[in-house]
Amino acid sequence: MNKFMDVLENILMPVADKLNNNRYLTSLRDGFMIALPLIIFGSIFVVIANLPFLDMLIGEEAYAEYQAALAPASAGTLSIMATFVIVGIGYKLTEYYEGEAIYGGVTALAAFLILTPQVLGDVTGVIATENLGAKGMFLGIFTAFTAAELYRFFVAKDWTIKMPQGVPGAVSRSFSALLPITFTLSIFLMVRIIFSYTPFGDVQNFIYTVVQAPLTALGSGLPATIAAVLLIQIFWFFGLHGQIIVNSVMDPVWYSLATENLAAFQAGEEVPHIVSKQFIESFVVGMGGSGMTLAVILGIFLIGKSRQMKEIGKLGAPAGIFNVNEPIIFGLPIIMNPIVLLPWLVAPVVVTVITYMSMASGLVPPPTGVIVPWTTPTILNGAIATNSWQGGVLQAFNIVIVFLIWWPFLKILDNQYYESERDDEESTNQSA
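Residues numbered from 1 in each chain as written. Predicted model: local features only at pLDDT ≥ 70, side-chain atom pairs only at ≥ 80, totals over all residues. Heavy atoms only, no water.

## So, the packing of aromatic side chains
Both the distance between ring centres and the angle between the ring planes are used here to describe each pair of aromatic rings. How we decide: Any pair of Phe, Tyr and Trp rings, taking the six-membered ring for Trp, is counted once the centres come within 6.5 Å. Such a pair is stacked with planes under 30 degrees apart, edge-to-face with planes over 60 apart, and tilted for the rest. A ring is considered to have a charge above it if a Lys NZ or an Arg CZ atom is located within 6 Å of its centre and within 35 degrees of its normal.
Tallied over the full model, the rule gives 12 aromatic pairs. One aromatic cluster is present, formed by Phe153, Phe154, Trp159 and Phe183 through successive ring pairs. A cation sits over an aromatic face here: arginine 152 above tyrosine 97, 4.1 Å from the ring centre. Directly above the ring of tyrosine 418 sits lysine 305, whose terminal nitrogen or CZ lies 4.7 Å from the centroid.

## Some remarks on the nonpolar core
One broad rule of soluble globular proteins: the nonpolar side chains tend to lie buried together. To be explicit about the condition: Here, nonpolar core means buried Ala, Val, Leu, Ile, Met, Phe, Trp, Tyr and Cys residues that are tied together by side-chain atoms lying within 4.5 Å of each other. Categorising residues by exposure relies on relative accessible area from a 1.4 Å probe, with only protein chains included: less than 20% of the type maximum marks a residue as buried, more than 50% marks it as exposed, and the intermediate range marks it as partly exposed. Here a strand is any run of E in DSSP of at least two residues, a helix any run of H or I of at least four, and the numbering for each starts at the N terminus. Note on contacts: a residue pair qualifies if any of its non-hydrogen atoms lie within 4.5 Å across the two residues.
If you look at the biggest cluster of nonpolar residues, it comprises 105 residues, and the most contacted ones within it are Leu332 and Trp406. Top element by residues in this core is helix α7 (residues 137-156). It accounts for 11 residues. If we ignore the near neighbours within four places in the chain, the residues touching tryptophan 406 are Val296, Leu332, Ile334, Val340, Pro343, Trp344 and Ala347.

## Here's the deal with unusual backbone geometry
Note that the residue after leucine 332, namely proline 333, is joined by a cis bond; omega there is -15°. Residue placement: proline 333 occurs in the loop between α15 (326-331) and α16 (341-360). The phi torsion at methionine 336 lies on the positive side, around 60°, for a residue other than glycine. Within the secondary structure, methionine 336 sits in the loop between α15 and α16.

Below is the structure:
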């Protein structure tokens, strides 16, 4: 076991270190974090607008007016979530280079809009909302990275307009950014023109066909989901924040799937994807934290007899209710503890399979695409994520499954602590 752990550590630690320090993955993660409050705002109003049985209480006509009144909340946030992520990525990547971050953010957004298909009218171009949401996500990410790098390149070349002393700082910074922004956006305009002569017609159709569609198809499958969940658990076992590392790679896929689900849900159509951001957040991470440790806390209270286990349970329970499990991860401990390695890895995989099969068979509706705040307690977050009571029941069932998997290992660990405490007491009594 020790040799196996040493091999894993030697392989994973350098990989995790590179991922954590990669400026593009860091900017991607932080870009999504900037957009998250807006996404959650829109999700809350989607839930409110689609309360179960409300149409029966107030009538179909009143219900339609009620939904129409609340629709702008999601249309102005969730439906165009790619734009917020793009600004965040451009901002954070430019900030990494210690440049004027706000100009990096707006340049990335402008570059994306230039590449986005437009229906040209007499005066202005109209952009379909779907191109600013899930369909445009991957193009937006690539564009944000490229635009920020080009902007930085032109600034580093000092291709800027220098204003005389005495000019207000805001004005001077604006003129300094003028030429780098102009050069950057001109390149994107040329790219758009070139692609208009290709079979794809535009860059977004190219990215969606060649990159996004295959990746989302792969990411929505059970094997890729199991691999992602396993990596989260393995990284955490070695003391690395598995969610941050894996999410920085998988979030574009999972958010795209979630946005497609939401569009179908709002249109009254069948939700197309089982795996999405909410599948991971509510049914894997959202049951006490990574590893679904709410069931571990329950097991501690049911079988724990050592003082150490009982104290850990008392410390971990309040936080675990809101899906914060650092007290358990570091207090049990889970990190580098070979006794709990097997349940730590196996339980999330089993629950992932059960959840996927339950939704694929139609027993439980798949997540609707509504983003549920990650601190929402278990049972409630499952019901909200699926807009059904079955989601909460599935979470309760999964907690029982995780408890059964963990039970013998918790018993072994508790017996070790109990024997150690009894030996310490005997040693103290003999010394006295």
